[in-house]
Structures are given as structure tokens and as C-alpha cells.
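# Report on the structure
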Amino acid sequence: MKIAALVDDLFFFSKISSTAKQVGSEVVFCRSAQAVPADVMRICVDLNSTAFVAISEIEKLKRTHPAPIVAFLSHGQLDLKRRAEEAGAAEVIPRSRFVERLPELVS
């Protein structure tokens, strides 16, 4: 499976990379919606990124890519969760749950 990840956190970069390698998936790391390849099957977005405006990128992705968007954020950020869902994220989950589900999400 080929997935895209809009992530700038080194921990998540490493975690996603190693998990994808274990399950035989390909990950393309991007800094913008425009950089996401058209053939990805899922897009993961870090809502707490400081390298891009995550909500704007989700809105752009929703208009240009059919792949489901899974966004993750720090626990308790209810307003940010709501905004990501309104922008088009199929699923918005806490960072800890994202890590738990990573093998499922990248395969």
C-alpha cells in the first residue's frame, strides 16, 4: 500500500517509516497537499505540525485526492478535531491511538 504523510515531527516520521517498512508499504512524506502523489491509498496528517497549516492542507487534499484522510493530534484538542472533521478528514484520532493503529493504517 502506498500512503502519504504530512508530518514534520521526527518521532512520527521515524515511527511511520519503520512501521510501513515492517508491513511492506510505501510512505511518501510531504510538506503540502500539492506534493501528495495521486496514487496514494491513504493520507495521514499531523494536525500539530508547525511546518504547514494542517486544516488548510486537509481542505486542499479533500478537493484533489479521493484517498481517506486520517488526522492525528494531541489529546484534548476538541476544537482542532472538529475543524479537521469539517475540513474533510475521514478520521481524527489522538496521537497515542494513531501509534497503536499505525500497522493497520499503513497496510
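Bear in mind that the values here come from a model prediction, so they are computed numbers and not experimental data.

### Looking at the overall build of the protein
Assigned secondary structure in the protein consists of four helices and five strands. Walking the protein from its N terminus toward its C terminus, one meets helices and strands in the order β-α-β-β-α-β-α-β-α. Taking 13 Å as the expected radius of gyration for a compact globule of 107 residues, we find that the protein reaches 12 Å, a close match to that expectation. Dimensions of the protein, computed from the C-alpha atoms along their principal axes, are close to 35 × 30 × 20 Å. Out of the 107 residues belonging to the protein, those deemed buried represent 48%. Restricting the contact set of the protein to residue pairs at least 6 apart, pairs at least 24 apart contribute 66%.

### Looking at the packing of aromatic side chains
For the structure on display, the rule yields five aromatic pairs. An angle of 40 degrees between the planes, with centres 4.9 Å apart, marks the rings of Phe-12 and Phe-72 as tilted. Here the residue Phe-12 occupies a position in helix H1 (residues 10–23), and Phe-72 occupies one in strand S4 (residues 69–73), the gap between them amounting to 60 residues. The same class applies to Phe-12 and to Phe-72, which are both buried. Between the aromatic rings of Phe-12 and Phe-98, the centroid separation amounts to 6.1 Å while the plane-to-plane angle is 55 degrees, which identifies the pairing as tilted. Of this pair, Phe-12 sits in helix H1 while Phe-98 sits in helix H4 (residues 95–105), placing them 86 residues apart in sequence.

### Some thoughts on the pairing of strand S3 (residues 42–46)
Within S3, five of the five residues are buried, leaving the element largely enclosed by the surrounding structure. Residues Arg-42, Cys-44 and Asp-46 line one face of S3 and the alternating positions Ile-43 and Val-45 line the opposite face, and both faces are buried. For strand S1 (residues 2–6) and S3, the ladder comprises four bridges, and the chain directions are parallel. Residue Ala-4 lies in a different strand from S3, and its bridge partner there is Ile-43. Relative to S4, S3 runs parallel, the two being bridged by four bridges. Bridge pairing in S4 links Asp-46 to Phe-72. Read from S3 through helix H2 (residues 54–64) to S4, the crossover connection turns out right-handed.

Conventions and cut-offs
Residues numbered from 1 in each chain as written. Predicted model: local features only at pLDDT ≥ 70, side-chain atom pairs only at ≥ 80, totals over all residues. Heavy atoms only, no water. Helix = DSSP H or I, 4+ residues; strand = E, 2+ residues; numbered from the N terminus. Rg over C-alpha atoms; globule rule 2.2 N^0.38 Å. Buried < 20%, exposed > 50% of the residue type's maximum accessible area, 1.4 Å probe, protein only. Contact = heavy atoms within 4.5 Å. Phe/Tyr/Trp six-rings, centres within 6.5 Å; stacked < 30°, edge-to-face > 60°. Pairing = 2+ DSSP bridges. Right-handed = clockwise from strand over helix to strand, strands pointing away.

From the geometry alone we can't say anything about function, so treat these as descriptive.
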